Amino acid sequence: MRVFVTGASGWIGSAVVDQLLAEGHQVTGLARSETSAAAIAATGAEVRRGDLDDLDSIRAGATDADAVIHLANKHDWSNPAASNAAERAAVATIGDTLAGTGHPFLLASGVAALADGRPATEADRSPFHGPDSPRGGSENLAFEFTDRGVHTVSLRFAPTVHGHRDHGFIAAIAAIARQKGVSGYPGDGTNRWAAVHRDDAARLVALGLEKAPAGTRLHAVGEEGVPTRVIAEAIARAFDLPVASIDPDDMPDHFGWISRFFAMDLTATSMETQQLLGWSPVGPTLIEDIAAGAYA
Ligand SMILES: NC(=O)c1ccc[n+]([C@@H]2O[C@H](COP(=O)([O-])OP(=O)(O)OC[C@H]3O[C@@H](n4cnc5c(N)ncnc54)[C@H](OP(=O)(O)O)[C@@H]3O)[C@@H](O)[C@H]2O)c1
């Protein structure tokens, strides 16, 4: 398949590109800079220069492909509205472009706010609708295109897609711990985060491209929930730091932009995904990765 991948130079995207190429797909990655273009080209994939703010480049990439995997995100935590607007506009553009083709459209999503008091399942629908909601309501928007002949599949990644060189949430939490000289966790540290190793996530994306029916919500989840206290203790051991509970009132001051995420209970299962695709996460686990120096 000729696959257009946005975010191909990113943490998850670069692993997905490697996986797709290894499986014999032709991949074109969207690159917004020379650096990203060079990184994508080095993998053996083709490069399409463009930007989330240049919807013509997104449209052209989707037009020339048999499938689109949308993983780019601005991740501007100081201006989430701008990130969400760009996300929604990109998804609308890809959906419009693929309408009537039956082509696969896989897009990144998350597991937040899907279920209250229990791990989220694939059956849980996203409560986020419309441009003002998290991620611009992009999952529900993308599913609207299934009625217009688009083979939409949502990729709900655990809040930590971990591994060596990860620069995401756990890297930020580890950096804060080193900077403050203490590895903190929110309150009693019993809120939990689902986790998945990056390689497991990339294998799942490739399987989803080939096998997931239209309208499927896939959970890239290897571990249902790791308590934030256990995460903080692992970071403390890795960097020889003390560990401490952070009072909920002090969370924003201590953790900055990541405080609201680290205080959330973000658990999810992947049983349906595993049964549907025959996918098994094989790890390593988040704590094994931290102990192995993935965040050093
Ligand atoms: N990592 C996780 O734990 C996790 C968890 C849940 C959901 N997700 C979602 O999964 C997707 C991939 O995440 P990730 O961790 O791989 O993110 P990432 O490492 O931050 O990569 C983001 C990608 O988006 C590209 N990008 C950013 N702004 C762009 C713009 N204006 N125009 C074009 N491309 C742009 C980046 O390009 P450059 O290389 O040029 O910067 C990069 O390729 C995202 O939607 C993310 O929200 C991730």
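Report on the accompanying structure. (Residues numbered from 1 in each chain as written. Predicted model: local features only at pLDDT ≥ 70, side-chain atom pairs only at ≥ 80, totals over all residues. Heavy atoms only, no water.)

**Topic: the site of the ligand**
To keep it simple, the criterion reads: Only a single heavy atom is needed: when it lies within 4 Å of a molecule or strand, its residue is near that molecule or strand. Polar contact is the term for a pair of N or O atoms within 3.5 Å; when the atoms are in protein, one must be able to donate a hydrogen and the other to accept it, and sequence-neighboring residues count only if both atoms are side-chain atoms. A helix here means a DSSP run of H or I that spans at least four residues, while a strand means a run of E at least two residues long, and both kinds are numbered starting from the N terminus. Asp, Glu, Lys and Arg are counted as charged, while Ala, Val, Leu, Ile, Met, Phe, Trp, Tyr, Cys and Pro are counted as nonpolar; the rest, among them Gly, fall into the polar class.
Around the ligand there are 24 residues in total, and Ser9, Arg32, Ser36, His75 and Arg135 lie nearest to it. One nitrogen or oxygen atom from the side chain of Asp51 is found 3.1 Å from a nitrogen atom belonging to the ligand. Between His167 and the ligand, the recorded distance is 2.8 Å, taken from a side-chain N or O atom to an oxygen atom. Of all the elements in the fold, those that place two or more residues in the shell around the ligand are helix H1 (11–22), strand E5 (104–109) and strand E7 (160–162). Along the lines of polarity and charge, the residues of the shell around the ligand split into 11 nonpolar, 9 polar and 4 charged.

**Points about the sheet that holds strand E10 (residues 216–220)**
Counted only if it meets this: A pair of strands is labelled paired if DSSP reports no fewer than 2 bridges between them. Axis lines are fitted to C-alpha atoms, over the contacting stretch for helices. Their N-to-C directions set the angle, which ranges from 0 to 180 degrees. Contacts are residue-level and defined by heavy atoms, with any inter-residue pair within 4.5 Å sufficient.
A sheet is described by the order of its strands in space; here 7 strands give the open sequence E3-E2-E1-E4-E5-E6-E10, paired in parallel fashion. In this open sheet, the two edge strands, each paired with only one partner strand, are strand E3 (46–49) and E10. Between one strand and the next, the sheet's axes are offset by a mean angle of 20°, whatever the strand orientation. Bridging between strand E1 (residues 2–6) and strand E2 (residues 26–31) involves 4 bridges; their strand directions are parallel. Directly across from Val5, in E2, lies its bridge partner Gly29. The sheet strands contacting helix H2 (residues 34–43) are E2 and E3, and the helix crosses E3 at an angle near 160°.

**Concerning the nonpolar core**
Note the following rule: The criterion is simple. A nonpolar core is a set of buried Ala, Val, Leu, Ile, Met, Phe, Trp, Tyr and Cys residues joined through side-chain atoms within 4.5 Å. Summary of the burial criterion: residues with accessible area below 20% of their type's maximum are buried, those above 50% are exposed, and those between are partly exposed, where the area comes from a 1.4 Å probe applied to protein chains only.
Counting 70 residues, the largest nonpolar core has Ile69 and Phe157 as its most contacted members. Other than its neighbours up to four places away in sequence, Ile69 contacts Val3, Phe4, Val5, Thr6, Val16, Leu20, Leu106, Leu155, Val205 and Leu209. Among the nonpolar cores identified, the runner-up in size contains 19 residues, and Ala62, Val68, Leu107 and Phe145 belong to it.

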